[in-house]
Amino acid sequence: HRPFCAGRISEDLPVPVSQLNTLLLRNLRCDGLLGKTLCNINMVKICCIGAGYVGGPTMAVIALKCPSIEVAVVDISVTRIAAWNSDQLPIYEPGLEDVVKQCRGRNLFFSTDVEEHVSEADIIFVSVNTPTKTRGLGAGKAADLTYWESAARMIADVSKSNKIVVEKSTVPVKTAEAIEKILTHNSKGINYQILSNPEFLAEGTAIEDLFNPDRVLIGGRETPEGRKAVQALKEVYANWVPEDRIITTNLWSAELSKLAANAFLAQRISSVNAISALCEATGANVAEVAFAVGKDTRIGPKFLNASVGFGGSCFQKDILNLVYICECNGLPEVANYWKQVIKTNDYQKSRFVNRVVSSMFNTIAGKKIAVLGFAFKKDTGDTRETPAIDVCKGLLGDKAKINIYDPQVTEDQIQRDLAMNKFDWDHPLHLQPMSPTAVKEVSVTWDAYEATRGAHGVCILTEWDEFRKLDYAKIYENMQKPAFVFDGRNVVDPEKLREIGFIVYSIGKPLDPWLKDMPAVAA
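Predicted, not measured: the structure shown is a model, and the values here were computed from it.

### A short note on the overall build of the chain
The secondary structure content of the chain amounts to 20 helices and 14 strands. Taken over 523 residues, the chain has a buried fraction of 54%. Pairs at least 24 apart in sequence give 75% of the contacts found in the chain among residues at least 6 apart. A total accessible area of about 22700 Å² is found for the chain, and carbon and sulfur atoms account for 53% of it.

Below, the structure written as structure tokens:
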């Protein structure tokens, strides 16, 4: 039959405009880009390798917005796939459960049948871990591409038709080139087009970010085949994303844009945190300074909240990766510039611990410290690189007893995080300590009031909304005196707490009279 085209669809077929782009994508299958010898109207098939924080939500939204596309999310982890197919999803993200329930079993599938789905797919998203190397060349900075290479070799082994392979993981610049070589040298006559389509999701708002993205970035080869592949992926997103928000670039620009975006965001946090230390020394209020600075339209107000430090799976890892790439390309001055963003973040965490210790008579040995919040930010259960890990380890190093409460993080996860070495979290579970030794001085409760009962001090390390609404008078009554609150997220009103009787430390805010006589750094 005759191939589809936009004009014929609108003239001859009762097709809603929302399905137009999907049909155009089918047309791309007809012209040989995806290896179809005959024009057909079979469902376009997308497969995503990796059912984690990026792959799961992204594919769920694609399935919701593109009902004519079949989407399969595959992973070798049986327990993770079982969770995606259950009522208890493996990750917490507002709105995610509703999206998954609408699509699961209709055009969204979660499976451990990796090779079968990869073989059948037209477009393959690769969303596997790219952890920081822990040994060998580039250890502590370079990205470990073991899982990416393994995925590429598997794609080459099982593919029987042409594929578009999409980088969804955050990868170093020029990764596409390496993947392309692996696929080409094992191609068996099959054509592969590699695209870079980095994600720009913020945990806690991932579903909203996917529904209404600032931009979708697609990078591809500047060849006729590369442009066709870019157009094919562009048509998927065009089902719900306005065309002016879909940006197309060359491969290397797309790969570097992701690293640069995260570096810029982290830099803003370290900048305001550096100013917060100066505010405490001079009596300025960092919230007022940040508000005044953010009113400049060239700067803007976002990412100017002083805190105990940034966390999450991307910022530190991507900056270290950027540093390594700069060093490898003979740019030590650029590398040192970005290193300082990480150093300032580490300084902020150690400064917070030192403030706790020095305020409490220079010793917290044997004292109970309540920690409110363990996730790296509110509205997520993600603890990867959370500043709470380093703060808790610092407190434990001074022999404190810690009681932790977080509404979304399990005791097992907290104990695992505190037992693991740096960067271990980004490797598969079977490569992590299977039964981490429980840290005896750490207990976990499921109630903020229980966590603070009998405590000498309270450290607020995540900005959960519920921490703003706690009955602090009740908490004060049940604490040892003097009672301290160390607010690492500036969620409480220090003056109201002082009226209750607390000695309060808020990052970047004028110091409590008690603290003015204490050294900023523990002796």
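### Thoughts on helix H15 (residues 387–397)
Residues three or four positions apart in an α-helix share a direction because the helix packs 3.6 residues into each turn. By the burial criterion, the buried members of H15 are Pro387, Ala388, Ile389, Val391, Cys392, Leu395 and Leu396. Looking one or two places after H15, you find Lys399, whose phi comes out positive at around 70 degrees.

### Comments concerning the packing of helix H13 (residues 315–328) against helix H14 (residues 332–359)
Remark: H13 packs on H14, axes separated minimally by 8 Å, with the N-to-C direction vectors making an angle of 155 degrees. Overall, the two elements H13 and H14 adopt an arrangement that is roughly antiparallel. In the packing of H13 onto H14, the handedness of the crossing is left-handed. Across the interface between the two elements, Gln316, Ile319, Leu322, Val323, Cys326 and Glu327 from H13 touch Val334, Ala335, Trp338, Lys339, Val341, Ile342 and Asp346 from H14. The residue makeup of the contact of H13 with H14, split by class, is nine nonpolar, one polar and three charged.

### Remarks on the packing of aromatic side chains
For the structure on display, the rule yields 13 aromatic pairs. With centroids separated by 5.7 Å and ring planes inclined at 75 degrees, the aromatic side chains of Phe310 and Phe315 adopt a geometry described as edge-to-face. Judged by its relative accessible area of 12%, Phe315 is buried. Here the aromatic residues Phe361, Phe484, Phe486 and Trp514 are joined through ring pairs into a cluster of three or more. Across the ring face of Phe211, the terminal group of Lys65 is positioned such that the distance to the ring centre comes to 4.6 Å. Between the NZ or CZ atom of Lys474 and the centre of the ring of Tyr449, over which it lies, the distance is 4.2 Å.

### Quick look at the pattern of salt bridges
The tally for this structure, following the rule as stated, stands at 20 salt bridges. Glu327 serves as the salt-bridge partner of Lys339, at 3.3 Å between the closest nitrogen and oxygen. Placement of the pair is Lys339 in helix H14 and Glu327 in helix H13, with a sequence separation of twelve residues. Its relative accessible area of 28% is what places Lys339 among the partly exposed residues.

### A look at the environment of Ala121
Counting through the fold element by element, Ala121 comes out in the loop between helix H6 (114–120) and strand E4 (123–126). Remark: the alpha-carbon pair of Ala121 and Ala72, spanning 49 residues in sequence, is separated by 8.7 Å.

### Observations regarding a nonpolar patch on the surface
On the surface, Ile275, Leu278, Val289, Val293 and Ile299 cluster together to form a nonpolar patch covering roughly 360 Å² of accessible area. Of all the secondary-structure elements, those providing two or more residues to the nonpolar patch are helix H11 (251–282) and helix H12 (286–294). The topology assignment puts Val289 in helix H12.

### Considerations on the sheet that holds strand E10 (residues 401–405)
Taken together, six strands build an open sheet; the order of strands is E11-E10-E9-E12-E13-E14 and the sheet is parallel. On the outer flanks of this sheet lie strand E11 (442–444) and strand E14 (503–506), each paired with one strand and no other. Strand after strand, the sheet turns through a mean of 20 degrees between neighbouring axes, direction not considered. Relative to strand E12 (residues 457–460), strand E9 (residues 368–372) is paired through four bridges, and the arrangement is parallel. Bridged to Val371 within E12 is Cys459. Packed on one face of the sheet, H14 meets E12, strand E13 (484–487) and E14 and runs near 170 degrees to E13. Across the sheet, helix H16 (residues 411–419) is in contact with E10 and E11; its angle to E11 comes to roughly 155 degrees.

### Things to note about unusual backbone geometry
Between Lys481 and the following residue, Pro482, the backbone shows a cis peptide bond with an omega angle of -5 degrees. Within the fold, Pro482 resides in the loop between helix H18 (472–477) and E13. Of note, Asn362 is a non-glycine position whose phi angle comes to about 65 degrees, a positive value. If you trace the backbone, Asn362 turns up in the loop between H14 and E9. Classification of Asn362 by relative accessible area gives partly exposed; the value is 34%.

### So, helix H8 (residues 175–185)
Buried within H8 we find Thr175, Ala176, Ile179, Glu180, Ile182 and Leu183. On an axial view of H8, the arc spanned by its buried residues comes to 165 degrees, and they lie on one face. Across H8 from its buried face, at more than 90 degrees, point the exposed residues Lys181 and His185. On its buried side, H8 packs onto helix H7 (146–158), strand E5 (163–167), strand E6 (192–196) and H11.

### Considerations on a negative patch on the surface
On the surface, a cluster of negative charge is made up of Asp113, Glu115, Glu116 and Asp157. Relative to the helices and strands, Glu116 resides in helix H6.

### Remarks on the packing of helix H3 (residues 55–65) against helix H5 (residues 96–103)
Contact geometry of H3 with H5 gives a least axis separation of 9 Å together with a crossing angle of 50 degrees. Relative to H5, the element H3 is oriented oblique. For the element pair H3 and H5, the recorded crossing hand is left-handed. Here H3 contributes Pro57, Ala60, Val61, Ala63 and Leu64 to the contact with H5, which in turn contributes Leu96, Val99, Val100, Gln102 and Cys103. Here the contact of H3 with H5 is built from residues that sort into nine nonpolar, one polar and no charged.

What counts and how
Residues numbered from 1 in each chain as written. Predicted model: local features only at pLDDT ≥ 70, side-chain atom pairs only at ≥ 80, totals over all residues. Heavy atoms only, no water. Helix = DSSP H or I, 4+ residues; strand = E, 2+ residues; numbered from the N terminus. Buried < 20%, exposed > 50% of the residue type's maximum accessible area, 1.4 Å probe, protein only. Contact = heavy atoms within 4.5 Å. Areas by Shrake-Rupley, 256 points an atom, 1.4 Å probe, with all protein chains shown as cover. Axes fitted to C-alpha atoms, helices over the stretch in contact; angles between N-to-C directions. Parallel < 35°, antiparallel > 145°, perpendicular 65-115°, else oblique. Left-handed = near helix turned anticlockwise from the far one by under 90°. Nonpolar A, V, L, I, M, F, W, Y, C, P; charged D, E, K, R; others polar. Phe/Tyr/Trp six-rings, centres within 6.5 Å; stacked < 30°, edge-to-face > 60°. Lys NZ or Arg CZ within 6 Å of the ring centre and 35° of its normal. Salt bridge = Lys/Arg side-chain N within 4 Å of Asp/Glu carboxyl O. Patch = residues over 30% accessible without salt bridge, like charges linked within 9 Å, V, L, I, M, F, W, Y side chains within 5 Å. Pairing = 2+ DSSP bridges. Arc of directions from axis to C-beta. Lys, Arg positive; Asp, Glu negative; His and termini not counted. Charge placed at Lys NZ, Arg CZ, Asp CG, Glu CD.

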